[in-house]
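# Tertiary structure, described
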Amino acid sequence: MKTTMKTLLCSLLIAGSVSAQSVADKAKTTTVKEYELNNEKTITIKTTSTERRNLILDPKDAGELNQSLINSPIYVEKSIMIDYDNDDRFDREVQLTYQKRMEGDLNYVATPKGIYISSSDSTPLFITKPGAYELSSKNIDNIKILVKDINTTK
């Protein structure tokens, strides 16, 4: 019994020290904007963006007090909820996931007919139907786009 408790305690300490080695910088923002078209129709867009970057220490500085960080990619997840008909429910959700290497970002514009997505170095993509899409870009890797028709309350 004593050996079992010691083994359990040691494994918990090792597991705790291993999990403490992965440090990430994470930020989550939510914005809600309303746009009026031709003084008639209002489009509401709610964007929730999560950015995560793993903090990696430079191996050259191992054992030093102040260690330098290595630039690592930023992983971005965006959920864009769109209400086209000014009621109390969102009509469409667009999920974007990509890896950002530079400060360039992905731009999008919602219209009553669909969503227009582009980056500074890519061919624009206009999406009008639900489905899974990909966008090619030099500064942003693995851009995956998932468009769903939904009926979720605001």
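Residues numbered from 1 in each chain as written. Predicted model: local features only at pLDDT ≥ 70, side-chain atom pairs only at ≥ 80, totals over all residues. Heavy atoms only, no water.

## Overview of the side chain of S72
- Mapped onto the fold, S72 is located in the loop between strand 3 (69-70) and strand 4 (74-83).
- From its side chain, S72 meets the backbone oxygen of N54 in a polar contact 2.6 Å long.
- When sequence neighbours within four positions are dropped, the list of residues in contact with S72 reads R53, N54 and I56. (Helix = DSSP H or I, 4+ residues; strand = E, 2+ residues; numbered from the N terminus. Polar contact = N/O pair within 3.5 Å; in protein donor to acceptor, adjacent residues only side chain to side chain. Contact = heavy atoms within 4.5 Å.)

## Concerning the confidence of the model for the chain
- Mean pLDDT over the chain: 79, with 81% of residues reaching 70 or higher.
- Across the chain, element-level confidence peaks in strand 4 with a mean pLDDT of 89 and bottoms out in helix 1 (residues 2-19) with 56. (pLDDT = per-residue confidence, 0-100.)

## Some thoughts on the nonpolar core
- Counting 20 residues, the largest nonpolar core has I82, V94, L96, L106, I117 and I145 as its most contacted members.
- Elements with a contribution of two residues or more to this core: strand 2 (41-57), strand 4, strand 5 (89-100), strand 7 (114-118) and strand 10 (140-153). (Core = buried A, V, L, I, M, F, W, Y, C linked by side-chain atoms within 4.5 Å. Buried < 20%, exposed > 50% of the residue type's maximum accessible area, 1.4 Å probe, protein only.)

## What about the environment of N139?
- Tracing the backbone through its elements, the reader meets N139 in the loop between strand 9 (131-135) and strand 10.
- With 33 residues separating them along the chain, N139 and L106 place their C-alpha atoms 9.9 Å apart.

## Observations concerning the pattern of salt bridges
- Taken as a whole and assessed by the stated rule, the structure comprises two salt bridges.
- Here R92 and D149 are joined by a salt bridge, their closest N and O atoms 2.9 Å apart. Highlighted residues: R92 in strand 5 and D149 in strand 10, separated in sequence by 57 residues.
- Given a relative accessible area of 10%, R92 falls into the buried group.
- Between K148 and E93 there is a salt bridge, with its nearest N and O atoms 3.8 Å apart. You can see K148 sitting in strand 10 and its partner E93 sitting in strand 5, a full 55 residues away along the chain.
- For K148, a relative accessible area of 34% gives the class partly exposed.
- Relative accessible area serves as the criterion here: at 12%, E93 is assigned to the buried category. (Salt bridge = Lys/Arg side-chain N within 4 Å of Asp/Glu carboxyl O.)

## Notes on the pairing of strand 5
- Within strand 5, nine of the 12 residues are buried, which leaves it mostly tucked inside the rest of the structure.
- Relative to strand 5, strand 4 is paired through nine bridges, and the arrangement is antiparallel. When the sheet's bridge partners are listed, I82 is paired in strand 5 with R92. (Pairing = 2+ DSSP bridges.)

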